[in-house]
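Each chain, letter by letter, is given below.
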Amino acid sequence: MPTILKIQGGVSLKGTIEISGAKNSALPLMVACLLTDKPLTLTNVPNLADIRTITQVLEVLGVTAEVNGSTRTLNAASITSTTAPYDLVKTMRASVLVLGPLVARYGLAKVSLPGGCALGARAVDVHLEGLRAMGAICELEEGYIVAKAPNGLHGASFTMRVVSVGATENLMLAASIAKGQTILRNAAREPEIIDLANCLNAMGANVQGAGTDTITIEGVPSLHGATHKVMPDRLETGSYAIASLITGGDVTLTNTSLEYLPMVRETLEKAGAVFEEQADGFRVYQSGPVHGVDVMTEPYPGFATDLQAPFMALMGICEGASMITETIFENRFMHVPELARMGMNIQVHGASAMVRGVKNLSGAPVMATDIRGGVGLVVAALAAKGETTISRLYHLDRGYENLEAKLQACGATVERLKVDA
Ligand code: EPZ
């Protein structure tokens, strides 16, 4: 039976929300287990659909996974397959991250080519170009990427044509046990890349420069086990900070840090937010009415594409107007028609959306279109008059752990209901 979220808007959020571990860090960290035959223990792993999917992908390969609350111990001592099947990869594109480690360690990997994606084409060509530079032969066979390196991978100097988070991670994973030195130029600089480098180094790898656009990896013959804590989810953090602002609330976010959100913080401050840093997080509220600020999404440290939808919701009910330009994905305005159903005034022109703030929103039945589009609707619903129902919750469940409990703890009227299909 499908579930929906029912939100009665108009309550100012007040209270504390504990931020979970980062989905987008946990995924590559879990894949790193493929590089060693010793156990890798990760703590602060969020309980999310995407985490269950990557666990299934790893289990298909022969990895054993022990779950104890938010701690997962993964053991790739007995790999039985090097094929990541279509059924799993099609539900989550990040599954392609197993390609690099498998070909590096076993000389063979067969990973379904991820199909179409709601956000745009999302090619994996840069992943393959990098692996080819390291000596892999990559071909497409019956919908699968088949990568072979019977003599192992060697280090390479590789400049990425586009800044890609996933390609940077895939190549870092592979290079950590390749022969010799790899230099990745035009690398992604996201905090999740630093988290992966820290974990790999704890496993005995030699990765330097993560967090800058040039990452140097000295390959080592083998890696060992380690215990590593997943970093806080900066996208969940930003989403709840925006939820606090849009409701005129006063929320403290713990187990997180503003250091991961430099441009988001700056933008929200320009819009009227006040941030007070605390030892284990921060408090966020508005200094007066929120007003329009223009934004362009960019690779880190720029404004995260993953916060574009909730930010748009905030701009939709503020004083003034905001031009929001999406430069990362070609199709990331799917939430716009849903926000319009709640009374927002948004005109899309190519890669830009002109958002003219309105005074009031009204609750409406709407549909989540992707993880972050979905949270954009939640944020808007919290500020709307009346009741909003959000369907297609499976999108939200991919990226937000205990969403309704976290909002309820701050006074929101939100419940999950089972409905007839
Ligand atoms: C990661 O996706 C995140 N996912 C995404 O979060 C996030 O939106 C994205 O980075 C951008 O920040 C995970 O970390 C699991 P990219 P990824 O490769 O790695 C193009 C969420 O909601 N490109 O950096 O797949 C691509 O088409 C998700 O949590 C190529 O052209 O993103 C896109 O336009 C959604 N060729 C741009 O680069 C390639 O080989 C950035 O994509 C690879 C990418």
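Just so it is clear, the structure is predicted and the values come from calculations on it, not from any experiment.

S.K.: Looking at this structure, how should I read the sheet that holds strand S18 (residues 295-296)?
M.R.: Adjacent strands of a sheet pair through backbone hydrogen bonds, lying either parallel or antiparallel. If you trace the four strands from one edge of the open sheet to the other, you get S18-S19-S21-S20, paired in mixed fashion. The sheet terminates laterally at S18 and strand S20 (345-349), the two strands that pair on one side only. Against the sheet, helix H10 (residues 308-316) engages S18, strand S19 (321-325), S20 and strand S21 (352-356), with an angle of about 165° to S19.

S.K.: What am I meant to see in the site of the ligand here?
M.R.: Around the ligand, the structure places 23 residues, and the nearest of them are Asp125, Ser164, Asp306, Ile328 and Arg372. Within the contact set of the ligand, an oxygen atom lies 2.6 Å away from a side-chain nitrogen or oxygen of Ser164. Measuring from an oxygen atom of the ligand, one finds a side-chain N or O atom of Asp306 at 2.7 Å. Relative to its unbound accessible surface of 830 Å², the ligand loses 84% to contact with the protein. Its residues placed into classes, the shell around the ligand shows twelve nonpolar, five polar and six charged. Split by domain, the residues of the shell around the ligand number at least three in each of domain 1 (3-20 + 232-418) and domain 2 (23-229).

S.K.: I keep staring at the pairing of strand S23 (residues 387-391) and nothing clicks. Help me out?
M.R.: Here is the key point about a regular strand: its side chains alternate between the two faces of the sheet. With four bridges joining them, strand S1 (residues 3-8) and S23 adopt antiparallel strand pairing. Along S23, the bridge assignment pairs Ile7 with Thr388. Direction of pairing for strand S22 (residues 365-367) relative to S23: parallel, over a ladder of three bridges. Paired with Val366 across the two strands is Ile390, which belongs to S23. Considered for its hand, the β-α-β crossover made up of S22, helix H12 (residues 371-383) and S23 is right-handed.

S.K.: It is not clear to me how the nonpolar core should be interpreted in this structure. Could you clarify?
M.R.: Soluble globular proteins tend to pack their nonpolar side chains together in the buried interior. One finds Leu34, Val98, Leu153, Met172 and Leu200 to be the most contacted residues of the largest nonpolar core, which totals 77 residues. Looking at this core element by element, the count peaks at six residues for helix H6 (residues 165-175). When sequence neighbours within four positions are dropped, the list of residues in contact with Leu34 reads Leu58, Leu61, Val63, Ala76, Ile79, Val98, Pro101, Leu102, Arg105 and Tyr106.

S.K.: Just checking my understanding: could you explain the side chain of Ser25 for this structure?
M.R.: Tracing the backbone shows Ser25 in helix H1 (residues 23-31). Overall, the relative accessible area of 1% leaves Ser25 in the buried class. One polar contact links Ser25 to Asp195, side chain to side chain, over a distance of 2.6 Å. With sequence-adjacent residues up to four places away left out, Ser25 is seen in contact with Glu192, Asp195, Val230 and Met231.

S.K.: Teacher, can you tell me more about the layout of surface pockets here?
M.R.: One simple way to see leftover space: roll a probe sized like a water molecule over the atoms. One number sums up the size of the second largest pocket: a volume of about 340 Å³. Of all the secondary structure elements, the ones that give two or more residues to the lining of the second largest pocket are helix H8 (234-246) and H12.

S.K.: Looking at this model, I keep getting lost on the packing of aromatic side chains. Mind explaining?
M.R.: What describes a pair of aromatic rings is the distance from one ring centre to the other and the angle between the planes of the rings. Tallying each qualifying case throughout the model produces two aromatic pairs. Positioned above the aromatic ring of Tyr144, the side-chain terminus of Lys110 is 5.2 Å from the ring centre.

S.K.: Just checking my understanding: could you explain the domain arrangement of the protein for this structure?
M.R.: You'll often see interface size given as the accessible area lost when the parts meet. Per the domain assignment, the segments of the protein are domain 1 (3-20 + 232-418) and domain 2 (23-229). One C-alpha centre belongs to domain 1, the other to domain 2; they are set 30 Å apart. Taken together, the contact between domain 1 and domain 2 spans 23 residues of the former and 21 residues of the latter. Overall, the association of domain 1 and domain 2 removes approximately 1800 Å² of surface from exposure, summing both partners, and the carbon and sulfur fraction of that is 52%. One can count two salt bridges joining domain 1 with domain 2. For Glu192, the salt bridge goes to Arg234, with nearest N and O atoms at 2.8 Å. Mapped by element, the contributors of at least two residues to the side of domain 1 that touches domain 2 are H8 and H12.

S.K.: Explain the sheet that holds S22 to me, please; I cannot follow it from the model alone.
M.R.: Strand order in the open sheet formed by four strands is S22-S23-S1-S24, and the pairing between neighbours is mixed. Both edges of this open sheet fall to S22 and strand S24 (413-418), since each of them pairs with a single strand only. Put simply, the sheet's adjacent strands are angled 25° from each other on average, direction ignored. Sheet contacts for H12: S1, S22 and S23; angle to S1, the most-contacted strand, approximately 35°.

S.K.: Just checking my understanding: could you explain helix H9 (residues 262-271) for this structure?
M.R.: By the burial criterion, the buried members of H9 are Val264, Thr267, Leu268 and Ala271. End-on view of H9: buried residues confined to an arc of 95°, all on one side of the axis. The secondary structure elements touched by the buried residues of H9 are H8, strand S16 (273-278), S18 and H10. Gly272 occupies a position one or two residues after H9 and carries a positive phi of about 120°.

S.K.: Before we go on, may I ask you to explain the environment of Ala210 in this structure?
M.R.: Residue position: Ala210 is located in the loop between strand S12 (206-208) and strand S13 (214-218). The sequence separation of Ala210 and Leu184 amounts to 26 residues, and the corresponding C-alpha distance is 9.9 Å. Here Ala210 is in contact with Ile193, Ile194, Ala197 and Ile215, once residues within four sequence places are set aside.

S.K.: Any chance you could explain the environment of Pro101 here in plain terms?
M.R.: Here Pro101 is to be found in helix H4 (residues 99-106). Between the alpha carbons of Pro101 and Arg122 there is a distance of 21 Å; along the sequence they are 21 residues apart. Those residues within four positions of Pro101 in sequence are excluded, and the remaining contacts are Val31, Leu34, Leu35, Asn170 and Leu173.

S.K.: Would you mind showing me how to read the packing of H10 against H12 here?
M.R.: For any two helices packed against each other, the geometry is given by the interaxial angle and the distance between the axes. H12 packs onto H10 with a crossing angle of 25° between their chain directions and a minimal axis gap of 7 Å. Taken together, the axis directions place H10 and H12 in an arrangement best described as roughly parallel. Viewed along their axes, H10 and H12 form a crossing whose handedness is right-handed. In this structure, H10 uses Ala309, Pro310 and Ala313 to contact H12, whose residues at the interface are Arg372, Gly373, Val375, Gly376, Val379 and Ala380. Considering only residue class, the contact of H10 with H12 consists of six nonpolar, two polar and one charged.

The rules behind these values
Residues numbered from 1 in each chain as written. Predicted model: local features only at pLDDT ≥ 70, side-chain atom pairs only at ≥ 80, totals over all residues. Heavy atoms only, no water. Pairing = 2+ DSSP bridges. Helix = DSSP H or I, 4+ residues; strand = E, 2+ residues; numbered from the N terminus. Contact = heavy atoms within 4.5 Å. Axes fitted to C-alpha atoms, helices over the stretch in contact; angles between N-to-C directions. Near = heavy atom within 4 Å. Polar contact = N/O pair within 3.5 Å; in protein donor to acceptor, adjacent residues only side chain to side chain. Areas by Shrake-Rupley, 256 points an atom, 1.4 Å probe, with all protein chains shown as cover. Nonpolar A, V, L, I, M, F, W, Y, C, P; charged D, E, K, R; others polar. Domains from an automatic or database assignment. Right-handed = clockwise from strand over helix to strand, strands pointing away. Core = buried A, V, L, I, M, F, W, Y, C linked by side-chain atoms within 4.5 Å. Buried < 20%, exposed > 50% of the residue type's maximum accessible area, 1.4 Å probe, protein only. 1 Å grid on protein atoms, 1.4 Å probe; cavity = no way out; pocket = protein on both sides within 12 Å on 5 of 7 lines; lining within 4 Å. Points joined across faces, edges and corners; volume = space filled by probe spheres on them. Phe/Tyr/Trp six-rings, centres within 6.5 Å; stacked < 30°, edge-to-face > 60°. Lys NZ or Arg CZ within 6 Å of the ring centre and 35° of its normal. Buried area = accessible area lost by both parts, 1.4 Å probe. Salt bridge = Lys/Arg side-chain N within 4 Å of Asp/Glu carboxyl O. Arc of directions from axis to C-beta. Parallel < 35°, antiparallel > 145°, perpendicular 65-115°, else oblique. Left-handed = near helix turned anticlockwise from the far one by under 90°.

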